[in-house]
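# Geometric and topological summary
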Amino acid sequence: MSSDPTTKPHSARFWNYFVGGKDHYPVDREIGDHIKEIFPGLVDVAVTSRHFLGRAVRHLAGEQGIRQFLDVGTGLPTADNTHEVAQRVAPDARIVYVDNDPIVLTHANALLTSTPEGRTAYLDADLYDPKGILEAATGTLDFSQPIALMILNTLGHVAEYEQARGLVRELMAGLPPGSYLVISDSTATSEGMIAASEAYNASGAVPYHVRSVEEITGYFDGLELVEPGVVQVTEWRPEYGDPVAVDAYCGVGRKP
């Protein structure tokens, strides 16, 4: 099997292409353009999901006083990454990014810098090892204080829904009371999104499984949902004149 990273699409590069980044190869653009023909709305999903990240982080850092963020499955850095948004509000914020892809690692080490008052770290770790993530994050984060766990557009890579729920549950169990869970994911809420997902999965990339709104809501079991609950990404405390993105849902929940 070839180890050439340019021969198959990669989810981080593919998403980077859709949000207007520069870190992608022809194979990523090829499947991206193909999917745009099938379902042009996926570009809106990518852009508006990114906007949701900004709104959620500003709400938590600003209104809720959260100073620590654990961003699992961060993907390739683009504009307004978690640490940039958080440290604009609170320069002393600490952020740990987690990914297990060498492509992401290379970019993260170069680009994910911090304010002098805060701290930004990158962990080469796997979503399937919650215990390892939590243990490694203690080098940067204070687990006696609330932490916001960010898992955006990542859980779809876990093939079995119950396993995905279990991973979320285990990560949240390791965080102190008053911590938050922030999730967004594409959903199987239209024929176009389902077709786009099938085309992407047939490309040779690591498959991404779109799920129901009820399944997205299930990730927040045992948590106190922040208003307005689990909604389309453009409906969560909107600030932008975003296009309608009906096939991506998100939510923020607080651990009692």
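First, a word on what this report is: a plain description of the structure on this page.

## Details of the overall build of the protein chain
A count of helices and strands for the protein chain gives nine helices and eight strands. A compact globule built from 256 residues should have a C-alpha radius of gyration of about 18 Å, and the protein chain, at 17 Å, falls within 12% of that. With respect to the three principal axes, the spread of C-alpha positions in the protein chain is 45 × 35 × 35 Å. Per-residue burial for the protein chain yields a buried fraction of 53% across its 256 residues. Expressed as a percentage of contacts within the protein chain between residues at least 6 apart in sequence, the contacts between residues at least 24 apart total 72%. Only carbon and sulfur atoms are counted for the fraction: they give 52% of the accessible area of the protein chain, which is about 11,000 Å². Of note, the protein chain has its 19 positive side-chain charges centred 5 Å away from the centre of its 35 negative side-chain charges.

## Details of the pairing of strand β5 (residues 180–186)
Taking burial as the measure, the seven residues of β5 include seven buried ones, the bulk of the element. Going residue by residue along β5, you find Tyr180, Val182, Ser184 and Ser186 tucked away on one face and Leu181, Ile183 and Asp185 tucked away on the opposite face as well. Judged from the five bridges that link them, strand β4 (residues 148–152) and β5 form a sheet pairing that is parallel. Each bridged residue has a counterpart across the sheet, and for Leu149 the counterpart in β5 is Leu181. Here β5 runs beside strand β8 (residues 248–254); their pairing, made up of seven bridges, is antiparallel.

## Quick notes on the packing of helix α6 (residues 130–137) against helix α7 (residues 161–173)
At a closest axis distance of 9 Å, the pairing of α6 and α7 adopts a crossing angle of 30 degrees. The angle between α6 and α7 falls in the class roughly parallel. Crossing angle aside, the handedness with which α6 passes α7 is right-handed. Contact residues: α6 offers Pro130, Lys131, Ile133 and Leu134, while α7 offers Leu167, Glu170 and Leu171. For the contact of α6 with α7, the per-class residue count stands at five nonpolar, no polar and two charged.

## Considering unusual backbone geometry
A cis geometry characterises the amide bond from Glu227 onward to Pro228, with omega recorded as 10 degrees. Position of Pro228 among the secondary structure elements: in the loop between β6 (224–225) and β7 (231–232). The phi dihedral of Asn153 is positive, around 55 degrees, even though this residue is not glycine. Of note, Asn153 is situated in the loop between β4 and α7. In this structure Asn153 comes out as buried when scored by relative accessible area, which is 15%. Even without being a glycine, Arg237 presents a positive backbone phi close to 45 degrees. As for its placement among the helices and strands, Arg237 is situated in the loop between β7 and β8. Exposure remark for Arg237: the relative accessible area of 31% places this residue in the partly exposed category.

## Points about the nonpolar core
The biggest cluster of nonpolar side chains holds 45 residues, and the ones touching the most others in it are Ile35, Phe52, Leu60, Phe69, Val182, Trp236 and Val252. With nine residues, helix α3 (residues 41–63) is the single largest residue contributor to this core. Setting aside anything within four residues of it in sequence, one finds Val252 in contact with Phe52, Ala56, Leu60, Tyr180, Leu181, Val182, Phe220, Glu224, Leu225, Val226 and Trp236. Of all hydrophobic cores here, the second largest spans 33 residues; its members include Val96, Val158, Ala164 and Val168.

## A word on the side chain of Asp99
With respect to the helices and strands, the residue Asp99 is situated in strand β2 (residues 94–99). Among buried charged residues, Asp99 stands out as having no salt bridge; its nearest opposite-charge side chain is Arg50, 10 Å away. When residues no more than four places from it in sequence are discounted, the contact partners of Asp99 are Gly73, Thr74, Gly75, Val104, Tyr122, Leu123, Asp124 and Ala125.

## Examining helix α2 (residues 26–38)
If you check α2, its first and last C-alpha atoms are 18 Å apart, about what 13 residues at 1.5 Å a residue would give, namely 18 Å. Residues Val27, Asp28, Ile31, Gly32 and Ile35 constitute the buried set of α2. Down the axis of α2, the sector holding all buried residues measures 130 degrees, keeping them to one side. With respect to the buried face of α2, the exposed residues turned more than 90 degrees away are Pro26, Glu30 and Glu37.

## Here we look at the pattern of salt bridges
Counting across every chain of the model gives seven salt bridges. A salt bridge links Arg237 to Glu63, with the nearest nitrogen and oxygen atoms 3.9 Å apart. On the criterion of sequence distance, the pair formed by Arg237 in the loop between β7 and β8 and Glu63 in helix α3 is long-range, its members being 174 residues apart. If you follow the salt bridges from partner to partner, you end up with Glu162, Arg165 and Asp221 in one network.

Basis of the calculations
- The residue numbers shown here count from 1 along each chain, following its written sequence.
- In keeping with the predicted nature of the model, local features appear solely for residues at pLDDT of at least 70, side-chain atom pairs appear and are counted solely at 80 or more, and the whole-chain, interface and lining totals rest on all residues.
- Values reported for side chains reflect all heavy atoms of the structure, with hydrogen atoms and water molecules removed beforehand.
- Secondary structure counts use DSSP, requiring at least four H or I residues in a row for a helix and at least two E residues in a row for a strand, with both numbered from the N terminus.
- The size measure is the radius of gyration over C-alpha atoms, and the globule rule it meets is 2.2 Å times the number of residues to the 0.38 power.
- Each residue is assigned to one of three classes by its accessible area relative to the maximum for its type, calculated with a 1.4 Å probe on protein chains only: buried under 20%, partly exposed between the two thresholds, exposed over 50%.
- By definition, residues are in contact when any of their heavy atoms lie within 4.5 Å.
- Areas reported here follow the Shrake-Rupley algorithm with a probe of radius 1.4 Å; residue values treat only the protein chains shown as occluding.
- We count Lys and Arg on the positive side and Asp and Glu on the negative side, and we leave His and both chain ends out.
- Charged side chains are reduced to one point each, which is NZ for Lys, CZ for Arg, CG for Asp and CD for Glu.
- In this scheme, strands are said to pair when DSSP sees at least two bridges between them.
- As a rule, the C-alpha atoms of each element are fitted with a line to give its axis, helices using only the stretch in contact, and angles between N-to-C directions run from 0 to 180 degrees.
- In this scheme, roughly parallel covers angles under 35 degrees and roughly antiparallel covers those over 145, while 65 to 115 is roughly perpendicular and the rest are oblique.
- By the definition used in this description, the sense in which the near helix is turned from the far one sets the handedness, with an anticlockwise turn below a right angle giving left-handed and a clockwise turn giving right-handed.
- Any residue that is not Ala, Val, Leu, Ile, Met, Phe, Trp, Tyr, Cys, Pro, Asp, Glu, Lys or Arg is counted as polar, Gly included; the first ten are nonpolar and the last four charged.
- We define the nonpolar core as a collection of buried residues of types Ala, Val, Leu, Ile, Met, Phe, Trp, Tyr and Cys that are connected through side-chain atoms lying within 4.5 Å of one another.
- Throughout this description, the term salt bridge denotes a Lys or Arg side-chain nitrogen within 4 Å of a carboxyl oxygen of Asp or Glu.
- Helix span, expected: 1.5 Å multiplied by one less than the number of residues in the helix.
- Working definition: the arc comes from the directions between the helix axis and the C-beta atoms, pointing outward to the latter.

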